[in-house]
Amino acid sequence: MAALLLLPLLLLLPLLLLKLHLWPQLRWLAADLAFAVRALRCKRALRARALAAAAADPEGPEGGCSLAWRLAQLARQRPAHTFLIHGARRFSYAEAERESNRVARAFLRARGWDWGPGGGAGGAGEGERASHGARDAAAGSGAAPAVWEGDGAAGAGETAAPLAPGATVALLLPACPEFLWLWFGLAKAGLRTAFVPTALRRGPLLHCLRSCGARALVLAPEFLESLEPDLPALRAMGLRLWAAGPETHPAGISDLLAEASAEVGGPVPGALSAPQSIMDTCLYIFTSGTTGATVVLKSKFSAGQFWEDCQQHRVTVFQYIGELCRYLVNQPPTKAERGHKVRLAVGSGLRPDTWERFVRRFGPLQVLETYGLTEGNVATFNYTGRPGAVGRASWLYKHVFPFSLIRYDVTTGEPIRDTRGHCVTTSPGEPGLLVAPVNQQSPFLGYAGGPELARGKLLKDVFRPGDVFFNTGDLLVCDDEGFLRFHDRTGDTFRWKGENVATTEVAEALEALDFLQEVNVYGVTVPGHEGRAGMAALVLRPPHSLDLQQLYAHVSENLPPYARPRFLRLQESLATTETFKQQKVRMAKEGFDPSVLSDPLYILDQAGGGYVPLTPARYHALLAGDLRI
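Owing to the predicted nature of the structure, the values given are computational and were not obtained by experimental measurement.

Visitor: For this particular structure, what's the right way to read helix H5 (residues 93-110)?
Guide: Note on helix geometry: an α-helix contains 3.6 residues per turn, so any two residues three or four positions apart are oriented the same way. Given a rise of 1.5 Å per residue, 18 residues ought to cover 26 Å, and the 26 Å separating the end C-alpha atoms of H5 matches this to within 8%. Taking burial as the measure, the 18 residues of H5 include 15 buried ones, the bulk of the element. Positive backbone phi, approximately 105°, marks Gly 112, located one or two places after H5.

Visitor: Just to check I follow, could you spell out the pattern of salt bridges for this structure?
Guide: A pair can form between side chains of opposite charge whenever their charged atoms are brought close. Taken as a whole and judged by the stated rule, the model has 17 salt bridges. The residue Lys 298 makes a salt bridge to Asp 309 at a minimum N-O spacing of 3.1 Å. A residue pair is termed long-range when its members are at least 10 positions apart, and Lys 298 in the loop between strand E8 (295-296) and helix H11 (306-312) and Asp 309 in helix H11 qualify at 11 residues. Classification of Lys 298 by relative accessible area gives partly exposed; the value is 37%. Of the charged contacts, one joins Asp 479 and Arg 485 as a salt bridge, the two residues approaching to 2.8 Å between their closest N and O atoms. Residue classification places Arg 485 among the partly exposed residues on the basis of a relative accessible area of 27%.

Visitor: Explain a negative patch on the surface to me, please; I cannot follow it from the model alone.
Guide: A surface patch of like charges, here negative, comprises Glu 505, Glu 508, Glu 511 and Glu 518. In terms of residue count, helix H15 (residues 503-511) provides more of the negative patch than any other element does, three residues in total. Tracing the sequence through the fold places Glu 505 in helix H15.

Visitor: Explain the sheet that holds strand E23 (residues 516-524) here, please?
Guide: Across a sheet, paired strands are connected by hydrogen bonds in the backbone, their directions being either parallel or antiparallel. In spatial order, the strands read E23-E24-E25-E26-E27; together these five strands make up an open sheet with mixed pairing. A strand with exactly one partner marks an edge of an open sheet, and here the two such strands are E23 and strand E27 (610-613). Between one strand axis and the next, the sheet turns by 25° as a mean value, whatever way the strands run. One ladder, built from eight bridges, connects E23 with strand E24 (residues 533-540); its direction is antiparallel. What sits directly across from Leu 516, in E24, is Leu 540. Against the sheet, helix H16 (residues 548-558) engages E23, E24, strand E25 (567-570), strand E26 (601-605) and E27, with an angle of about 140° to E27.

Visitor: Help me out: how do you make sense of the packing of H5 against helix H6 (residues 177-188) in this one?
Guide: For any two helices packed against each other, the geometry comes down to the angle between their axes and how far apart the axes lie. Between H5 and H6, the shortest axis-to-axis distance is 7 Å and the interhelical angle comes to 55°. As summarised for this structure, H5 and H6 are arranged oblique, according to the angle between their axes. Every pair of crossing elements has a handedness; the one defined by H5 and H6 is right-handed. For the pair H5 and H6, the contacting residues are Ala 96, Glu 97, Glu 99, Ser 100, Asn 101, Val 103, Ala 104 and Phe 107 in the first and Trp 181, Leu 182, Phe 184, Gly 185, Leu 186 and Lys 188 in the second. Here the residues of the contact of H5 with H6 sort into eight nonpolar, three polar and three charged.

Visitor: Hey, could you run me through helix H3 (residues 29-55) in this one?
Guide: Over its 27 residues, H3 runs 39 Å from end to end, which matches the ideal 39 Å to within 8%, given 1.5 Å per residue. Regarding H3, the residues found buried are Asp 32, Phe 35, Ala 36, Ala 39 and Ala 53. In this structure, the buried side of H3 is in contact with helix H4 (67-77), strand E12 (379-381), strand E13 (391-392) and helix H14 (395-400).

Visitor: It is not clear to me how the pairing of E25 should be interpreted in this structure. Could you clarify?
Guide: Residues in a regular strand project their side chains so that they alternate between the two faces of the sheet. Residues Phe 567 and Arg 569 line one face of E25 and the alternating positions Leu 568 and Leu 570 line the opposite face, and both faces are buried. Sheet topology places E24 next to E25; four bridges connect them, and they run parallel. Counted as the bridge partner of Met 535 is Phe 567 from E25. As a crossover connection, the stretch from E24 through H16 into E25 is right-handed. Across three bridges, E25 lies against E26 in antiparallel orientation. Looking across to E26, one finds that Phe 567 is bridged to Ile 603.

Visitor: Looking at this structure, how should I read the nonpolar core?
Guide: In summary, soluble globular proteins display a tendency toward joint burial of nonpolar side chains. Ranked by size, the top nonpolar core spans 61 residues in total, and within it Phe 107, Trp 181, Leu 182, Leu 209, Leu 217 and Val 218 carry the most contacts. Per element, the largest residue contribution to this core is eight residues, and it comes from H5. In this view, Leu 209 contacts Ala 170, Val 196, Ala 214, Leu 217, Leu 234, Met 237 and Leu 239; residues no more than four positions away in its chain are not counted. In this structure, Phe 515, Val 519, Leu 568 and Tyr 611 belong to the second largest nonpolar core, which totals 46 residues.

Visitor: What's the story with a positive patch on the surface in this structure? I'm lost.
Guide: A contiguous patch of positive charge, built from Arg 41, Lys 43, Arg 44 and Arg 47, is present on the exposed surface. Structurally, Arg 44 is set in helix H3. Relative accessible area serves as the criterion here: at 51%, Arg 44 is assigned to the exposed category.

Visitor: Before we go on, may I ask you to explain the packing of H4 against H5 in this structure?
Guide: Where H4 contacts H5, the two axes come as close as 8 Å, and the packing angle between them is 140°. In terms of orientation, H4 lies oblique with respect to H5. Between H4 and H5 lies a crossing whose hand is left-handed. Counted together, Leu 71, Ala 72, Leu 74 and Ala 75 of H4 and Tyr 93, Ala 94, Ala 96, Glu 97 and Ser 100 of H5 form the full contact between these two elements. Classifying every residue of the contact of H4 with H5 by side-chain character gives seven nonpolar, one polar and one charged.

Visitor: Help me out: how do you make sense of the packing of aromatic side chains in this one?
Guide: Two measures describe an aromatic ring pair: the distance that separates the ring centres and the angle between the ring planes. If you walk through the whole model with that rule in mind, you get 29 aromatic pairs. Aromatic side chains Phe 444 and Phe 470 sit 5.0 Å apart centroid to centroid with 35° between the ring planes, which places their arrangement in the tilted category. Highlighted residues: Phe 444 in the loop between strand E17 (432-437) and strand E18 (458-460) and Phe 470 in strand E19 (residues 468-478), separated in sequence by 26 residues. On the basis of relative accessible area, Phe 470 is assigned to the buried category, the value being 0%. Connected via pairs of aromatic rings, a cluster forms that spans Phe 83, Phe 91, Tyr 93, Phe 179, Trp 181, Trp 183, Phe 184 and Phe 195. If you follow Arg 201 out to its NZ or CZ, it ends over the ring of Phe 223, 5.1 Å from the centre. A cation sits over an aromatic face here: Arg 392 above Phe 483, 4.8 Å from the ring centre.

Rules behind the numbers
For every chain, the first residue of its written sequence is number 1, and the numbers climb from 1 along that sequence. Given that this is a predicted model, residues contribute local features only at a pLDDT of at least 70 and side-chain atom pairs are listed and counted only at 80 or more, while totals for whole chains, interfaces and linings are drawn from all residues. Side-chain descriptors were evaluated using all non-hydrogen atoms of the structure, hydrogens and water having been removed beforehand. Strands here mean DSSP runs of E at least two residues long; helices mean DSSP runs of H or I at least four residues long; both are numbered from the N terminus. Here, expected helix span is obtained from the residue count minus one, scaled by 1.5 Å. When accessible area is computed with a 1.4 Å probe and restricted to protein chains, residues below 20% of their type maximum are described as buried, those above 50% as exposed, and intermediate ones as partly exposed. Salt bridge criterion: a side-chain nitrogen from Lys or Arg within 4 Å of a carboxyl oxygen from Asp or Glu. The patch calculation keeps residues exceeding 30% relative accessible area without a salt bridge and links them within 9 Å when they carry like charges or within 5 Å when they are nonpolar (Val, Leu, Ile, Met, Phe, Trp, Tyr). Values of accessible area rely on a 1.4 Å probe in the Shrake-Rupley scheme; residue burial ignores everything except the protein chains shown. Counting rule for charge: Lys and Arg are taken as positive, Asp and Glu as negative, and neither His nor the chain ends is counted. Where a charge sits is defined by one atom per residue type, namely NZ (Lys), CZ (Arg), CG (Asp) or CD (Glu). Pairing between strands is defined by DSSP: at least two bridges between the two strands are required. Angles here are taken between N-to-C directions and fall from 0 to 180 degrees, while the axes themselves are lines fitted to C-alpha atoms, restricted in helices to the stretch in contact. Any two residues whose heavy atoms approach within 4.5 Å are treated as being in contact. Any angle from 65 to 115 degrees is called roughly perpendicular, while one under 35 is roughly parallel, one over 145 is roughly antiparallel, and all others are oblique. Crossings are assigned a handedness: left-handed for a near helix turned anticlockwise from the far helix by less than a right angle, right-handed for a clockwise turn. Note on residue categories: nonpolar means Ala, Val, Leu, Ile, Met, Phe, Trp, Tyr, Cys or Pro, charged means Asp, Glu, Lys or Arg, and polar means any other residue, Gly included. Here, the term right-handed applies to a crossover whose path from the first strand over the helix to the second runs clockwise when the strands point away from the viewer. Definition used in this section: a nonpolar core is a set of buried Ala, Val, Leu, Ile, Met, Phe, Trp, Tyr and Cys residues joined via side-chain atoms within 4.5 Å. Classification of ring pairs uses Phe, Tyr and Trp, with its six-membered ring standing for Trp, and accepts pairs whose centres are within 6.5 Å; under 30 degrees between planes counts as stacked, over 60 as edge-to-face, and the remaining range as tilted. Placement of a charge over a ring requires the Lys NZ or Arg CZ to be within 6 Å of the ring centre, with the centre-to-atom vector within 35 degrees of the ring normal.

As structure tokens, then:
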């Protein structure tokens, strides 16, 4: 009887919640609760893995909780399962383990380790060549490190200094299996890895290597010709140089893969790769690649072959950036796009218009849009599949992964604060700066280089005196239902061709030209393109004139392709704020329409290899998709 009396009240509850404006949020309660439970279970599982690894024998392969430990575990659990597909090449988990162990032993020799025959845990496995016997011993056998005679950066007859434990080794390699073996091997040898973008040369490359404190560099043989002008500077930095391949090398560069092939594939002590704390870079590995799936790797993305590759390798999940999906929907229809097995696409940067076209054309499939930053301490997931959203701001999610949206002044580039000096949270539908508290559970690990690099990424006294928040530099909007949508990027960085472009670095490169007096670099929105294209406002240094040919040659030499400005705007002087800051926001809004702007405008001609005047005809060709930038 009591249940019958309560039934009308339960039926009226949704109407009551709707009147109280709570229903739009609570209608997603089940999905929010389910995701929170999954997140907590994942967190608990990772903690259990870490405890199990910590309790294992530190001299065995199961010691430590790291990339090396996880790969060894999967190799034992499913040794014959395919780990990697690269073209016609296939590698099992057991093969990946052996190849990375060989690389680890080669790097341990570069660390100064030496071991005699038969010692330690690394006996030769089945099928190992007999010639490996002399090297088949564990690095942790207790033998004293020996001075290692190498032929890397040192000249003939010189002794290369051993790499110190925890030293950084930079990889300048394309997407290939060897890239993974080197990464895994470095982790197993207790060395850090720096992934260097393959387009970097000259100043940007040297800056990258100095920032991460690299002590060695492994490069692809096919890059040697373009890197030849950089070799003297690389040697002057004291870098040990390796090439990943047997091609002819300049003096002082040895073949790392040949050195690794001479080693055995037995395990190395897990303690070498065990992280000491959450600040250790070994912990970066827990973000992906731990489920035991098969990975299909392509050296270069091809929109025309994508769905054929998916069919050939029976791909079920792929990772995207927004630009990639736009490339796919712009391709002509093919039979392969309808006969694939893809059920899930995971990534970030998928705009709502592209999202709907993508699912309508290539579905049925699920899209899991995410938001996050490599250096950030916050991430969001659109686990409900709402098109255009990057996640949810439910109280359950924010309890597990706390963050806030605060009001932001796009003119000053600073958060808006109240009379007490505290930041103000946004209302539904209002763009706000995404910030997240920095604490022991959600640390900000900073950047390679000096502490001043992280200064603008930390906000203090946000909601109460003494608190510290990470500034993502991104504006998001939360709607009435709690869905988050990406709005825009702030500051001096924009995204183009799937890469982050720092306007300060581009400006510094341009300012090296003697005929330029001032440079203001910013990103502009181009219809039909993801992200923002680089545009540079230039002021000439009297009495010089604009040399477009020299400018193009300079940016081609000193900037990677994605960072080269697509548009140039020649001005008499640069507009600044009252505090003498360049007005990037206003310049970006003014765009590049030659019928609106009276300043001389130029556009990057990819086919012609230079900058040409941006005429109304070229402007309309760009908007129509007939002109590539």
